[in-house]
Amino acid sequence: MTYNLNDRKVAILATNGFEQSELVEPLNALKKAGATAEVIAPDGNRIRGWNGGDWGDYVDVDRPLNEADPKDYDALVLPGGVMSPDKLRMDENAVKFVKSFFEQGKPVAAICHGPWLLVEAGVVRGRKLTSYRSIRTDIVNAGGEWTDEAVVVDQGLVTSRHPGDMQAFTDKMLEEIEEGIHAGQTA
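Calculation rules
- Residues numbered from 1 in each chain as written.
- Predicted model: local features only at pLDDT ≥ 70, side-chain atom pairs only at ≥ 80, totals over all residues.
- Heavy atoms only, no water.
- Helix = DSSP H or I, 4+ residues; strand = E, 2+ residues; numbered from the N terminus.
- Buried < 20%, exposed > 50% of the residue type's maximum accessible area, 1.4 Å probe, protein only.
- Contact = heavy atoms within 4.5 Å.
- Areas by Shrake-Rupley, 256 points an atom, 1.4 Å probe, with all protein chains shown as cover.
- Salt bridge = Lys/Arg side-chain N within 4 Å of Asp/Glu carboxyl O.
- Pairing = 2+ DSSP bridges.
- Expected span 1.5 Å × (residues − 1).
- Axes fitted to C-alpha atoms, helices over the stretch in contact; angles between N-to-C directions.
- Parallel < 35°, antiparallel > 145°, perpendicular 65-115°, else oblique.
- Left-handed = near helix turned anticlockwise from the far one by under 90°.
- Nonpolar A, V, L, I, M, F, W, Y, C, P; charged D, E, K, R; others polar.
- Polar contact = N/O pair within 3.5 Å; in protein donor to acceptor, adjacent residues only side chain to side chain.

Enquirer: Describe the overall build of the chain, naming the residues involved and giving the relevant values.
Expert: On a plain count of helices and strands, the chain comes out with six helices and 12 strands. Along the longest, intermediate and shortest principal axes, the C-alpha atoms of the chain span 35 × 35 × 30 Å. Per-residue burial over the chain gives 53% buried out of 187 residues. In the chain, the proportion of contacts linking residues at least 24 apart, taken out of those at least 6 apart, comes to 68%. In the form shown here, the chain has an accessible surface area of approximately 8300 Å², with 41% of it arising from carbon and sulfur atoms.

Spelled out as structure tokens, the structure:
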């Protein structure tokens, strides 16, 4: 399917230790669909991915988190990997940034350990989602309904389990971003 995101601006929130494919592949898919995609990070001009059990490539940061306003973006992508989401969920500004997208009804796509940020932002209660299996209990304890599926969509929230689900994840991410604001996407 072809998506037209020419008028959309998407934030990708990550820091060092993101799962490389889970940032790079959605970034490339967004650009291919015509979206403006910006990598947002708490600090630094570059962040480094994790790839196959070792450090991967660097990715340029387009905007520091303290200069990024969620109102300027149409959607948010949260790559996984263990390190990046774990660091970000301890960053008060990152958690506020994530929660703001839900308050505005904007699409959010999170893969692997990315949903840790959703738990920390308090936005999973009553929502159906998936993630990397090891954070299932965190999601359930936060009031979410966890399911073991390649991709789950719940009112603008797109979640997937791991890099093996990338095609399904990016397809649904693009679809939800093209649809825009979702009334059921609330904080």
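Enquirer: Can you tell me about the pattern of salt bridges, naming the residues and giving the values?
Expert: Within this structure, the stated rule accounts for 10 salt bridges. Between Glu38 and Arg63 there is a salt bridge, and its shortest N-O distance comes to 3.0 Å. Of this pair, Glu38 sits in strand β3 (residues 36-41) while Arg63 sits in strand β6 (residues 63-64), and the two are 25 residues apart along the sequence. The shortest N-O distance in the salt bridge between Lys128 and Glu149 comes to 3.7 Å.

Enquirer: Explain the sheet that holds strand β2 (residues 18-19) to me, and be specific about the residues and the numbers.
Expert: Across the sheet, three strands lie side by side as β2-β4-β5; this open sheet has mixed pairing. Sheet topology places β2 and β5 (54-60) at the edges, where each strand pairs with a single neighbour.

Enquirer: Account for helix α1 (residues 20-32), naming residues and giving values.
Expert: Compared with the 18 Å implied by 1.5 Å per residue over 13 residues, the 18 Å span of α1 between its first and last C-alpha is a close match. Every buried residue of α1 is accounted for by Gln20, Ser21, Glu22, Leu23, Pro26, Leu27, Ala29 and Leu30. Two residues or fewer after α1 comes Gly34, characterised by a positive phi angle close to 100°.

Enquirer: Describe the pairing of strand β4 (residues 46-51), and please don't skip the residues or the numbers.
Expert: Inspection of the sheet shows β2 paired to β4 by two bridges, in the parallel sense. By the bridge assignment, Glu19 is partnered in β4 with Trp50. Here β4 pairs with β5 via five bridges, running antiparallel. When the sheet's bridge partners are listed, Trp50 is paired in β5 with Trp55. Between β4 and β5, which pair antiparallel and follow one another directly, the connecting turn spans two residues, one of which, Gly52, has a positive phi of 65°.

Enquirer: Go over the sheet that holds β3, please, and point to the residues and values.
Expert: Taken in spatial order, the seven strands line up as β6-β3-β1-β7-β8-β12-β11 in an open sheet, and their pairing is mixed. Either end of the sheet is taken by a strand with one partner, and the two such strands are β6 and β11 (151-154). Note that strand β8 (residues 108-111) and strand β12 (residues 157-160) share four bridges and pair parallel. Each bridged residue has a counterpart across the sheet, and for Ala110 the counterpart in β12 is Thr159. Together, β1 (9-13), β3, β7 (75-78) and β8 form the strand contacts of α1, whose direction differs from that of β1 by roughly 175°.

Enquirer: Run through the packing of α1 against helix α6 (residues 166-179), naming residues and quoting values.
Expert: With their axes 10 Å apart at the nearest point, α1 and α6 run at an angle of 45° to one another. Relative to α6, the element α1 is oriented oblique. Read as a crossing pair, α1 and α6 show a hand that is right-handed. Where α1 abuts α6, its residues Ser21, Glu22, Glu25, Pro26, Ala29 and Leu30 lie against Met166, Phe169, Thr170, Met173, Leu174 and Ile177. Considering only residue class, the contact of α1 with α6 consists of eight nonpolar, two polar and two charged.

Enquirer: I'd love a proper account of helix α3 (residues 92-103), names of residues and values included.
Expert: End to end, α3 covers 16 Å across 12 residues, agreeing with the expected 16 Å (1.5 Å per residue, within 8%). Tucked inside the fold, the buried residues of α3 contact β1, β7, α2 (83-88), β8, α4 (115-120) and β12. The opening residue of α3 is Asp91, an N-cap whose side-chain oxygen sits 2.9 Å from the backbone nitrogen of Asn93.

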